[in-house]
2 protein chains.
Amino acid sequence: MELQRISKEKVDKNSVIPIYYQIFKLFEEYIIKGKLKPGEALPPEHEIAETFEISRMTVRRAISELINAGLVYSQKGKGTFVAKPNLNQVIFELGDFHEEITKKGMTPSSKLLGVRIVKADKILSNKLEVPLGTNCLYFSLVLSADNEPLVYEKKYIKYSKQKPILETELKDPSLSNLAVLHGDHFPTTSKRVLHASIVTEEEASILEVELNTPVFVVEQTIYDFDKKPVGWGRSIYRGDRYKLTSYIGWFANTSK
Amino acid sequence: MELQRISKEKVDKNSVIPIYYQIFKLFEEYIIKGKLKPGEALPPEHEIAETFEISRMTVRRAISELINAGLVYSQKGKGTFVAKPNLNQVIFELGDFHEEITKKGMTPSSKLLGVRIVKADKILSNKLEVPLGTNCLYFSLVLSADNEPLVYEKKYIKYSKQKPILETELKDPSLSNLAVLHGDHFPTTSKRVLHASIVTEEEASILEVELNTPVFVVEQTIYDFDKKPVGWGRSIYRGDRYKLTSYIGWFANTSK
DNA sequence: GAGTGGTCTAGACCACGCG
DNA sequence: GCGTGGTCTAGACCACTCA
């Protein structure tokens, strides 16, 4: 790759924009636009440093951003090379319900169906690792977009604080928030399992759909520092309306 | 936070393990074990540098690893603080079929049902942005675990090369690989949309399941440098057998 | 042995937050 | 004005790769 002619003017040392960021953007552009192709080597670090008349550490900072963005990889003793985008990798993000719905221009709402104390049955005692019959807090709610119910959630918290349940705190009825408010321990990790299923009769009536409607089921368990479960929940998403989207690859907006 | 007593012995300057990594691991442990709590400040960088008798740049490298792992965040002029884990964030990874199945101790296999050239119908011409009736490559296959079919895939490639279709290349029948082999342009980005559904009759017979079985549907489109679609596919996953799992939070194995 | 990236140093100047 | 993190320098030594 020919650096000399193209570049020196492209980096302004007196700019408010950090030099390493300018260098990062320069190579990002080359890669995204295909001027540098997968497998091709970047110039060695010392060469980049010389042509731009900057320190090698600054070059390394720029390259570390490129590595971070998945655009290149380095090999000790060999060089730095443009990566191949691994399009087989798949990452689905399930965003916050209110944000997601608002983003789509619809109006989100949530309705609390019930809050009460229940005694742990076999399933719950297993999930929360408590003896059968232990008192647990139970919440159930429905999330809607434009008044159409989309999600039905049931949540259980291992609780000990004898705190009253306030209306205000239900503005964030996430499992982790409920655990913070009513549990002993601070939740630090969360496990979710998603699978596809078909609505039960109960779910169908609450989501106002017919039997045999496909749904996502997301089971969430949250754990404290000691990896003990402190909360468990089950959310039913209307599978025909709710979608998960994954983007992988090289985009111009790797900005930040 | 009291650094002085705890620490100096904990870092070995002559170890093969980089100093920045030792420091990173030290603070990681403090945070995961709860000795440093969310919101609490780390000691200032110059102080860490002094107590361990190392350069501030090395401290910064360690902290940048902590930031990268999502354990802390820095604020210019204020300090560096332990982050709160955001347990409401959800990321589902859908791994490579063969790897996932092998990991579970089962034997994966894939069977090619058909390869042929088809003329684009309305849907396909829309998805691939080609005129109606354009020739496209079509692949369909079934992925199985222990001889039980789990996934049914149909893939379409916008092609131009008059290349024969080799058996060997079907070892990686991923959309991006097929596009590399048969398309004009190098695929750089991939979009996938996942939703829940119910098998059609055709899918039911191929997956050997009853009607009304719930499934995941994953639609994938891949694009080249110019954001033109080069391939499109639809994968049907048995929703009762295939699950997606998401872990969020602080774990001891944030190692690498 | 020449070339490469990985780590580390001991300074420097700056912009920001806060009292 | 002081303390903080953000950027940058001009060196240094090392381990690795490859011919």
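Colleague: Can you help me understand the relation of the copies chain B and chain A in this one?
Modeller: Here the two chain copies are tied together by a rotation about an axis and a shift along that axis. For the pair chain B and chain A, the relating rotation is 180°, the translation along its axis is 0.1 Å, and the fit reaches an RMSD of 0.2 Å. Here the transformation between the copies is reduced to the relation of a two-fold axis. In terms of C-alpha distance to the rotation axis, chain B has Phe92(B) as its closest residue, with the C-alpha 2.4 Å off the axis. Most of the interface of chain B is mirrored in chain A, where 100% of its interface residues again form contacts.

Colleague: Would you mind showing me how to read the sheet that holds strand β6 (residues 148-157) of chain B here?
Modeller: The strands that make up a sheet pair up through hydrogen bonds in the backbone, lying either parallel or antiparallel. Spatially, β10(A)-β7(B)-β8(B)-β9(B)-β6(B)-β5(B)-β4(B) is the arrangement adopted by the seven strands of the open sheet, whose pairing is antiparallel. The open sheet is flanked by β10 (244-249) of chain A together with β4 (108-119) of chain B, the only strands paired with a single partner. On average, adjacent strands in this sheet sit at an angle of 15° to one another, irrespective of strand direction.

Colleague: Looking at this structure, I do not really get the protein's contact with DNA strand D. What am I missing?
Modeller: In the vicinity of DNA strand D lie 25 residues, with Ile19(A), Thr58(A), His46(B), Arg56(B) and Arg60(B) positioned nearest. Each atom of DNA strand D within 4 Å of the protein was classed as base or backbone; sugar and phosphate made up 67%. Side-chain polar atom of Arg60(B) to a phosphate oxygen of DNA strand D: 2.8 Å apart, as the coordinates give it. Elements with a contribution of two residues or more to the surface near DNA strand D: α2 (19-32) and α4 (56-68) of chain A together with α3 (45-52), α4 (56-68), β1 (72-75) and β2 (79-82) of chain B. A per-element tally of the surface near DNA strand D places α4(A) first, with four residues.

Colleague: How should I be thinking about the side chain of Glu219(A) in this particular structure?
Modeller: Residue and element names in this part refer to chain A. Inspection of the secondary structure assignment puts Glu219 in strand β8 (residues 214-224). Here the side chain of Glu219 touches Lys127 through a polar contact of 3.2 Å, side chain to side chain. Within the local environment of Glu219, its side chain forms a polar contact with the side chain of Trp232, the two groups lying 3.2 Å apart. Not counting chain neighbours up to four residues away, the residues in contact with Glu219 comprise Lys127, Lys191, Arg192, Val193, Trp232, Gly233 and Arg234.

Colleague: Just checking my understanding: could you explain the pattern of salt bridges for this structure?
Modeller: Pairing between side chains becomes possible if they bear opposite charge and their charged atoms approach one another. Residue and element names in this part refer to chain A. Applying the stated criterion across every chain, the model contains 26 salt bridges over all chains. With its nearest N and O atoms 3.7 Å apart, the salt bridge here joins Glu219 to Arg234. Placement of the pair is Glu219 in strand β8 and Arg234 in strand β9 (residues 229-238), with a sequence separation of 15 residues. One connected set of salt bridges, linked through shared partners, spans Glu148, Arg238, Asp240 and Arg241.

Colleague: Could you clarify how one ought to interpret the pairing of strand β9 (residues 229-238) of chain B in this entry?
Modeller: All names here are of chain B. Of all ten residues in β9, nine are buried; the element is thus mostly enclosed. Taken together, the seven bridges between β6 and β9 define a ladder with antiparallel strand orientation. Bridging across to β9, Tyr152 finds its partner in Ile236. Relative to β9, strand β8 (residues 214-224) runs antiparallel, the two being bridged by nine bridges. Bridged to Ile222 within β9 is Gly231. Between β8 and β9, which pair antiparallel one after the other, the connecting turn spans four residues, and Lys227 there sits at a positive phi close to 65°.

Calculation criteria
- Residues numbered from 1 in each chain as written.
- Chains lettered and ligands numbered in written order.
- Predicted model: local features only at pLDDT ≥ 70, side-chain atom pairs only at ≥ 80, totals over all residues.
- Heavy atoms only, no water.
- Least-squares fit on C-alpha atoms with pLDDT ≥ 70 in both.
- Contact = heavy atoms within 4.5 Å.
- Pairing = 2+ DSSP bridges.
- Helix = DSSP H or I, 4+ residues; strand = E, 2+ residues; numbered from the N terminus.
- Axes fitted to C-alpha atoms, helices over the stretch in contact; angles between N-to-C directions.
- Near = heavy atom within 4 Å.
- Polar contact = N/O pair within 3.5 Å; in protein donor to acceptor, adjacent residues only side chain to side chain.
- Salt bridge = Lys/Arg side-chain N within 4 Å of Asp/Glu carboxyl O.
- Buried < 20%, exposed > 50% of the residue type's maximum accessible area, 1.4 Å probe, protein only.

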